[in-house]
Amino acid sequence: MNEALMRPAVVSRISDLIGRTPLFELCRTDNGSRLLLKLEMYNPTGTAKIRMARQMVLDAEARGELRPGGRIIESTSGNTGLGLAVVAAERGYAFTAVVDHHACSDKLRTMKALGTELVYVVDDGTEELATAAREELAEEMARGRDNTVFTEQHNNPSNGVGYHPVAHELHQALGGRIDVLIGAVGTGGSLCGTARELRKLVPGVRTVGVEPKGSIAFGGPAHDYYQSGTGTPEGAEIGALVDFDLIDEGVKVGDVEAFATARAVARTGLLIGGSAGGVVHEALSRLPSLPPGTTIVALVNDGGEKYMDTVFDDAWMNARNLTDPALEREIDETLTKLRKG
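Analysis parameters
Residues numbered from 1 in each chain as written. Predicted model: local features only at pLDDT ≥ 70, side-chain atom pairs only at ≥ 80, totals over all residues. Heavy atoms only, no water. Patch = residues over 30% accessible without salt bridge, like charges linked within 9 Å, V, L, I, M, F, W, Y side chains within 5 Å. Areas by Shrake-Rupley, 256 points an atom, 1.4 Å probe, with all protein chains shown as cover. Salt bridge = Lys/Arg side-chain N within 4 Å of Asp/Glu carboxyl O. Lys, Arg positive; Asp, Glu negative; His and termini not counted. Charge placed at Lys NZ, Arg CZ, Asp CG, Glu CD. Helix = DSSP H or I, 4+ residues; strand = E, 2+ residues; numbered from the N terminus. 1 Å grid on protein atoms, 1.4 Å probe; cavity = no way out; pocket = protein on both sides within 12 Å on 5 of 7 lines; lining within 4 Å. Points joined across faces, edges and corners; volume = space filled by probe spheres on them. Nonpolar A, V, L, I, M, F, W, Y, C, P; charged D, E, K, R; others polar. Pairing = 2+ DSSP bridges. Axes fitted to C-alpha atoms, helices over the stretch in contact; angles between N-to-C directions. Parallel < 35°, antiparallel > 145°, perpendicular 65-115°, else oblique. Left-handed = near helix turned anticlockwise from the far one by under 90°. Contact = heavy atoms within 4.5 Å. Expected span 1.5 Å × (residues − 1). Buried < 20%, exposed > 50% of the residue type's maximum accessible area, 1.4 Å probe, protein only. Arc of directions from axis to C-beta.

Draft legend 1. Looking closely at a negative patch on the surface. Together, Glu136, Glu139, Glu140 and Glu152 make up a region of like negative charge exposed at the surface. Looking at the secondary structure, you find Glu136 in helix α4 (residues 131–142).

Draft legend 2. Quick peek at empty space enclosed by the protein. According to the stated counting rule, one finds 2 cavities of 30 Å³ or more in the structure shown. As a volume, the largest cavity reaches approximately 220 Å³. Lys49, Ala184, Gly229, Thr230 and Asn301 are the residues nearest the centre of the largest cavity, which is lined by 22 residues in total. Looking at the lining of the largest cavity, the elements with two or more residues in it are α7 (189–201) and α9 (274–286). Of the residues assigned to the lining of the largest cavity, the class counts are 8 nonpolar, 12 polar and 2 charged. The computed volume of the second largest cavity comes to approximately 150 Å³. In this structure, the second largest cavity is lined by 17 residues; those nearest its centre are Ser77, Arg134, His154, Gly229 and Thr230. At the level of elements, α2 (79–91) and α4 are the ones that each hand at least two residues to the lining of the second largest cavity. The residue makeup of the lining of the second largest cavity, split by class, is 2 nonpolar, 13 polar and 2 charged.

Draft legend 3. Summary view of the pairing of strand β1 (residues 23–28). Relative to strand β2 (residues 34–39), β1 runs antiparallel, the two being bridged by 5 bridges. What sits directly across from Leu23, in β2, is Lys38. Where β1 folds back onto β2 in an antiparallel hairpin, the turn is made up of 5 residues, including Gly32, whose phi is positive at roughly 90°.

Draft legend 4. Region of the structure containing the packing of helix α1 (residues 50–62) against α2. Between α1 and α2, the least distance of the axes is 8 Å, while the angle of their chain directions is 45°. When the axes of α1 and α2 are compared, the pair comes out oblique. As for the relative orientation of α1 and α2, their crossing is right-handed in sense. Along its contact with α1, which presents Ile50, Met52, Ala53, Arg54, Met56, Val57, Leu58 and Glu61, the element α2 presents Thr80, Gly83, Leu84, Val86, Val87 and Arg91. Grouping the amino acids of the contact of α1 with α2 by side-chain chemistry returns 9 nonpolar, 2 polar and 3 charged.

Draft legend 5. Quick look at unusual backbone geometry. In this chain, Gly220 is followed by Pro221 through a cis amide linkage whose omega measures 0°. One can find Pro221 in the loop between β8 (206–212) and β9 (249–253). Notably, Asn147 is not glycine yet its phi reads approximately 55°, a positive angle. Here Asn147 shows up in the loop between α4 and β6 (148–150). With phi around 55°, Asn321 is a residue other than glycine that occupies positive phi space.

Draft legend 6. Spatial organisation of helix α11 (residues 325–339). For α11, built from 15 residues, the straight-helix expectation of 21 Å at 1.5 Å per residue is met to within 8% by its first-to-last C-alpha distance of 21 Å. Of the residues making up α11, those classed as buried are Leu327, Glu328, Ile331, Leu335 and Leu338. Angular distribution of buried residues about the axis of α11 spans 100°; they occupy a single face of the element. Residues of α11 that are exposed and point over 90 degrees away from its buried face: Glu333 and Lys337. Here the buried face of α11 lies against β1, α8 (255–266) and α9.

Draft legend 7. The packing of helix α6 (residues 164–174) against α7, seen in detail. α7 packs onto α6 with a crossing angle of 45° between their chain directions and a minimal axis gap of 7 Å. Here α6 lies oblique to α7, going by the angle between them. In the crossing of α6 with α7, the sense of the turn from one axis to the other is right-handed. Across the interface between the two elements, His164, Val166, Ala167, His168, Leu170 and His171 from α6 touch Gly193, Thr194, Arg196, Glu197, Leu198 and Leu201 from α7. Of the residues belonging to the contact of α6 with α7, the class tally is 5 nonpolar, 5 polar and 2 charged.

Draft legend 8. Quick peek at the pattern of salt bridges. According to the stated counting rule, one finds 24 salt bridges in the structure shown. Taking the shortest distance from any N to any O, the salt bridge between Arg51 and Glu40 comes out at 2.6 Å. Separated by 11 residues along the polypeptide, Arg51 in helix α1 and Glu40 in the loop between β2 and α1 bring together distant segments of the chain. A salt bridge links Lys252 to Glu211; the nearest nitrogen and oxygen atoms lie 2.6 Å apart. Of the two residues, Lys252 is situated in strand β9 and Glu211 in strand β8; the sequence distance between them amounts to 41 residues. By relative accessible area, Glu211 is classed as buried at 1%. What emerges from the salt-bridge pattern is a single network uniting Arg263, Arg267, Asp314, Glu328 and Asp332.

Draft legend 9. Structural context of the sheet that holds β2. Spatially, the 6 strands line up as an open sheet ordered β1-β2-β10-β7-β8-β9, and their pairing is mixed. Bordering the open sheet on either side are β1 and β9, each of which pairs with just one other strand. For this sheet, the mean inter-axis angle between neighbouring strands, taken without regard to orientation, is 25°. As judged from the 6 bridges shared by β2 and strand β10 (residues 295–300), these two strands associate in the parallel manner. By the bridge assignment, Arg34 is partnered in β10 with Thr295.

That is the geometry; function is a separate question.
Structure below.
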């Protein structure tokens, strides 16, 4: 076994627990095709994004931009902020997160508990996603300040580099038996960073990117959406890490389908986040029509525990017309059938 991929028995930093996350077979078809989930919620903070958070900080240190006693500033809808909060705390930095109320409240409360300063770009309680405004404010707050770094996740190459180990973990576990890699596209770091490295190890792997309906990376029309931590909303620039040469196919999944899938998967015993539900929904729809013996790996970048007040709350879902009991039953039946395959 590659020693670099082995977790030591005792660690001295929370960030030493990053990586080596499990693969879970959600279901398989009668012809041997299977859907495997890379369960990134087993990272500290329950999300993949702590991988790139650590890499952005390490690289800023290596460039001399971040020194002892410094401050990190980032615009975040939650998960990147959680990762940076942990890394900042253990390395002795202050951290300011520029946020909006679109983020799940549990993520905001957790960042604050970890010592993060929260700065709201709008404070009127609106749930609108304000990515562009957040980015502008974060950049302005860092400009001209000594020993202060705006990590700028959407355009920071370290974001993608932080996910290179995912490719090596997949290759170690599966060898060349990976046919399709599917994942959410927000900053582009997770899917494209993994795909870039994985193609060196498994040249024939096909990559599918998933964004919410309403996001603009794969075209319009643009409109609001509730899946958090993913996509490119209207008014925001597509991140430099979204490398279309690494994405063989880009697709869109609506909030209703994404959340119905997350809720159905929960009834198998596994809690996944709302945008992860979109990824799994797309993977499930493809699985029956794929050649025999196909292996799909879905990047599940977020667990569902942070969404008890939203995706898994009937009142919240009903108030936004996101509930579709018939679709949930259909997904339940599909999972039951394929899990017995």
